[in-house]
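Chain residues, written in single-letter form:
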Amino acid sequence: MSFTLLGRSIGVETGGSPFDFEEKKGLLLSNTSQPSTLTVNPDPGAAYIHLPGKTCEEIAKYLTITFEKSLKYWLWNTAGDAAKKIITSPAYLGFTFPPAPSASNNVTIKVPFSLLNLTLDTPITKTPTSYFPCQAYTPSDDQNLDLPDVFTNQTLFAQSWSPNWTALPKAAVAQPTSAINVARPGPTTSAVAPKGPTGMSVGAKAGIGLSAAAVALLAIGVVIIFARHRRQKQALELQSLTAANAETIVFEDKPSSQFELEHPPGELGGGVNYYTYELPTATPEMGPMSPLSPPVPKDQ
């Protein structure tokens, strides 16, 4: 989405000014040094502020920056205190746009100079160097603004980080050991370890390992399901047996004589006298073997 940039300015938000003015407007110039407006596209991925070259030069008149031709960058003059005074003060670079919808006043976005103090480093410079990110641009300009060799030189990453890291010593690579022959009594023989299949790729070995693991997991799952089914079956059988026993006990616990029905135990009837009742026995045979009956004459 495009916007219309109406102007550029330098100002101070509060307090004293590091310049000899409080605000300076009219800094947006065309390449013919005429005040102008500019259609711009916001690009958060851009490394610079691309403006007409004359605009960068006009801004530089009021800042302590110098254009370095070999690098093609505007560098801050950090030798004295003037640059530090500007960067650390409430001074800003203003970007003025037309009013917002249904508004009447222009909109000025203020960027503190502390955010416009960036640092160049390797591979552009050998030492950290402060720069002001204004890059000259015109529609017919074929100037390459990319970093030199940044897409082709594979050593730039290590070069840029080498002052900030400490390389660790490489560990000694373990040498493969040969098979050890085991001496046994009897004829002299050599124990040779069986060789696995040759020419098998790492992917094939990984596939075999994964297949074996899947089979093992499947077998474990079958065993678990079988054991669970068996436990459930045993539990059902135990419940059935318990229920059958309970019915038998209730049946056997019923009174077995009219006397017991008419004379319940004392603890059930609430009395204090407790009696012991025995189950009825069969009527003893009357005969000579009974110790309770007198001898019976033979003629009877």
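Residues numbered from 1 in each chain as written. Predicted model: local features only at pLDDT ≥ 70, side-chain atom pairs only at ≥ 80, totals over all residues. Heavy atoms only, no water.

By the naming in an unreviewed UniProt entry, the protein chain is Peptidase A1 domain-containing protein, taken from Clohesyomyces aquaticus.

Chemist: Would you mind showing me how to read the sheet that holds strand β3 (residues 23-24) here?
Modeler: Pairing between the strands of a sheet comes from backbone hydrogen bonds, and it takes one of two forms, parallel or antiparallel. If you trace the four strands from one edge of the open sheet to the other, you get β3-β2-β8-β9, paired in antiparallel fashion. The sheet terminates laterally at β3 and β9 (107-112), the two strands that pair on one side only. Across six bridges, strand β2 (residues 7-12) lies against strand β8 (residues 91-97) in antiparallel orientation. Looking at β8, one finds that Val12 is bridged to Ala91. (Pairing = 2+ DSSP bridges. Helix = DSSP H or I, 4+ residues; strand = E, 2+ residues; numbered from the N terminus.)

Chemist: Any chance you could explain the packing of aromatic side chains here in plain terms?
Modeler: Between two aromatic rings, the relevant description is the distance of the centres plus the angle of the planes. If you walk through the whole model with that rule in mind, you get nine aromatic pairs. With 5.3 Å between their ring centres and 75 degrees between their planes, Tyr73 and Tyr131 make a pair best called edge-to-face. Pair noted here: Tyr73 is in strand β7 (residues 73-76) and Tyr131 is in strand β11 (residues 129-132), with a separation of 58 residues, a long-range link. Each of the two residues, Tyr73 as well as Tyr131, counts as buried. Aromatic side chains Trp76 and Phe113 sit 6.4 Å apart centroid to centroid with 85 degrees between the ring planes, which places their arrangement in the edge-to-face category. A residue pair is termed long-range when its members are at least 10 positions apart, and Trp76 in strand β7 and Phe113 in the loop between β9 and β10 (118-120) qualify at 37 residues. The same class applies to Trp76 as to Phe113, namely buried. Three or more aromatic residues joined by ring pairs form one cluster here, namely Phe19, Phe21, Tyr62, Trp76, Phe113 and Phe132. Cation over ring: Lys24 sits above Phe21, and NZ or CZ is 5.3 Å from the ring centre. (Phe/Tyr/Trp six-rings, centres within 6.5 Å; stacked < 30°, edge-to-face > 60°. Buried < 20%, exposed > 50% of the residue type's maximum accessible area, 1.4 Å probe, protein only. Lys NZ or Arg CZ within 6 Å of the ring centre and 35° of its normal.)

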